[in-house]
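The residues making up each chain are set out below.
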Amino acid sequence: MRQAVVIEAVRTPIGRAHAETMARWQGAHVSTFTAESIAPPIARDWPEIRGDFPVLDQAVNGQPLIYFDNAATSQKPRAVIEALRHYYERDNANVHRGLHELSSRATAAYELARERVARFIGAANADEIVFTRGTTEGINLVAQSWGGHFLRAGDVVLLTEMEHHSNLVPWQLLAGRTGARLRFVPVRDDGQLDLARLSDFLTPEVKLFAFTHISNSLGTINPVMELCRAAHAAGAVTLVDGAQSAGHLPVNVQEIGCDFYVFSGHKMCGPTGSGALYGRAELLNAMPPWHGGGEMIVTVSLERSTFKTPPQRFEAGTPNIAGAIGLAAACDYLDAIGRDRIFAHDVALAQQALERLAEIPGLRILGPREERGGLVGFVADWAHPHDLTTFANESGLALRGGHHCNQPLMRRFGVTGTSRASFYFYNTPDEVDRMIEIITAAHRFFA
Ligand SMILES: Cc1ncc(COP(=O)(O)O)c(C=O)c1O
């Protein structure tokens, strides 16, 4: 498996991978990364895969834990925990600057992780991957660096009404600084974007169109290729928020045709505080630094500095080295299962939940009925989402209740919040049935 290769390369400092990686970050040789084929998925059944997650094997309030809060963060398999443990027990050192063994290993592992992430999302070159703390940081980076440099008063950033606050507030801050304006593609009652009106919004003033791939509240899967094509035809740059898609379905940024793609490691079995920004090389090369500090400079005088090329230009200070290595292990882990298989599994659970929730009186389900991702948001007319979520917790069921960082979207649907069940590949149909029993009991209790 790839992780074994990574760890082997880390253990063999004079190895080929190591030498290439060291040469690469020193700027001596920047190769174009060609995606090699990923090892085919290993056929394992779902119960065996579930056994990879130690945290799931516990009782909460005397009942078996049912973890349906995966859109907020996913659980971590042993392979990822082990990669972190290995790094801290054997290789921990700062990257890119030490001329000693441990620093060489840490640097090799960190840069190999970048290549692994590039392959995971189909980027052409590892230099197009900037490690971040997650989706939120990736969007802030683009807003401050690209937006701060290229946007002028009167320019428009086009968003949609279904954006997470992470893909809204950074643009509001930018608009406040530059005089740029924000515009929003409306969401229809069925939870789909109103694409019939897209051309009304994609006017020549639009310089950037940023949208989510999968809505974290509605489950809507947006037609990202179509949106990118339309934006480019109108002369706009595109950013795809992949927080809910990267670990849930096969993603290829070159096929999508986006300029930027951002995602969080912790939502796809990786460590918290890890994630990546993909930026097309041409765009990243034209962007100024956003954070200043060590690692991102070439020369520094008391008055001014010169900066490295991307991605180092955007990674000031000591990065989250363990996070990147854990993220690469998560990429290996998910690809060994197969993201197409994961997607089919999660969507089947969501369909089961949709059908069975319809049996419970007074429930309104938000979002499309079909062609949706693996999550379901619903509102009961007999209980506040927080009360329902607290009730569920008494039976060991982890739902999420609230606005899910989607306040404008909640207002659009006339609710203050929803209860959300979000699924991942280690969840089971039996757990969905158990959720229905618990919500039915809540109905008896509250109604
Ligand atoms: C669609 C979407 N975008 C952005 C985010 C923010 O992700 P993070 O908090 O990992 O930066 C989330 C998190 O729930 C999300 O669902």
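Everything quoted here is computed from the prediction, not taken from an experiment. Every chain is numbered on its own, with residues counted from 1 as its sequence reads. In view of the model being predicted, local features appear only for residues whose pLDDT reaches at least 70, and side-chain atom pairs are presented and counted only at 80 or more, with totals across whole chains, interfaces and linings using the full set of residues. Excluded from the side-chain calculations are hydrogens and water; all other atoms, namely the structure's heavy atoms, are used.

Participant: What is the right way to look at the sheet that holds strand β13 (residues 363-366) in this model?
Facilitator: The pairing of strands in a sheet comes from backbone hydrogen bonds and takes either a parallel or an antiparallel form. Sheet architecture is open: four strands sit in the order β13-β14-β17-β16, paired in antiparallel fashion. At either end of the open sheet lies a strand with only one pairing partner, and these are β13 and β16 (400-402). Taken over all neighbouring pairs, the strand axes of this sheet differ in orientation by 30° on average, direction set aside. A pair of strands counts as paired when DSSP detects no fewer than two bridges linking them. Working definition: helices are DSSP H or I runs of at least four residues, strands are E runs of at least two. Numbering for both runs from the N terminus. For β16 and strand β17 (residues 418-422), the ladder comprises three bridges, and the chain directions are antiparallel. Where helices are involved, their axes are fitted lines through C-alpha atoms of the stretch in contact, as for all axes, and angles between N-to-C directions lie from 0 to 180°.

Participant: Would you explain the environment of G338 in this entry?
Facilitator: Along the polypeptide, G338 turns up in the loop between α12 (321-337) and α13 (339-357). Separated by 295 residues in the primary sequence, G338 and A43 place their C-alpha atoms 9.2 Å from one another.

Participant: I'm lost on helix α7 (residues 169-178) in this one. Help?
Facilitator: An α-helix turns once every 3.6 residues. As a result, residues three or four positions apart point the same way. Accessibility here uses a 1.4 Å probe with only protein chains present; expressed as a share of the type maximum, an area under 20% marks a residue as buried, one over 50% as exposed, and anything in between as partly exposed. Of the residues making up α7, those classed as buried are P170, W171, L174, A175 and T178. Angular distribution of buried residues about the axis of α7 spans 135°; they occupy a single face of the element. Buried residues in α7 make contact with α6 (135-150), β5 (156-160), β6 (181-185), β7 (206-212) and β8 (237-241). In the segment just after α7, G179 is the residue with positive phi, at about 85°. For this quantity, the arc is that covered by the directions from the helix axis to the C-beta atoms. By definition, residues are in contact when any of their heavy atoms lie within 4.5 Å.

Participant: How should the environment of A383 be read in this particular structure?
Facilitator: Its location among the elements puts A383 in the loop between β14 (375-380) and α14 (385-394). Under the relative-accessibility criterion, A383 is labelled buried at 12%. C-alpha separation for the pair A383 and S245, spaced 138 residues apart in sequence, amounts to 30 Å.

Participant: Would you explain the nonpolar core in this entry?
Facilitator: A general feature of soluble globular proteins is that nonpolar side chains tend to end up buried together. To qualify as a nonpolar core, a set must consist of buried Ala, Val, Leu, Ile, Met, Phe, Trp, Tyr and Cys residues joined through side-chain atoms within 4.5 Å. Core analysis: the biggest nonpolar cluster contains 78 residues, and I121, F209, Y261, F263, M268, L334 and F425 have the highest contact counts within it. Among the elements that line this core, the one with the most residues is α12, at twelve residues. When sequence neighbours within four positions are dropped, the list of residues in contact with L334 reads F120, G247, M268, C269, R339, I342, Y424 and F425. Within the second largest apolar cluster, 28 residues are counted, among which are I360, I365, F391 and L399.

Participant: How should I be thinking about the pairing of strand β9 (residues 260-264) in this particular structure?
Facilitator: Put simply, side chains in a regular strand alternate between the two faces of the sheet. Across the five residues that make up β9, a large majority, five, are buried. Residues F260, V262 and S264 of β9 are buried on one face, and the alternating residues Y261 and F263, pointing to the opposite face, are buried as well. Of the strand pairs in this sheet, β8 and β9 are connected by three bridges, and their pairing is parallel. Each residue of the ladder has a partner; that of D241, found in β9, is V262. Pairing of β9 with strand β10 (residues 275-279) involves five bridges; the strand directions are antiparallel. Its bridge partner being in β10, F260 is matched across the sheet by G279.

All we've got here are geometric facts, nothing functional implied.
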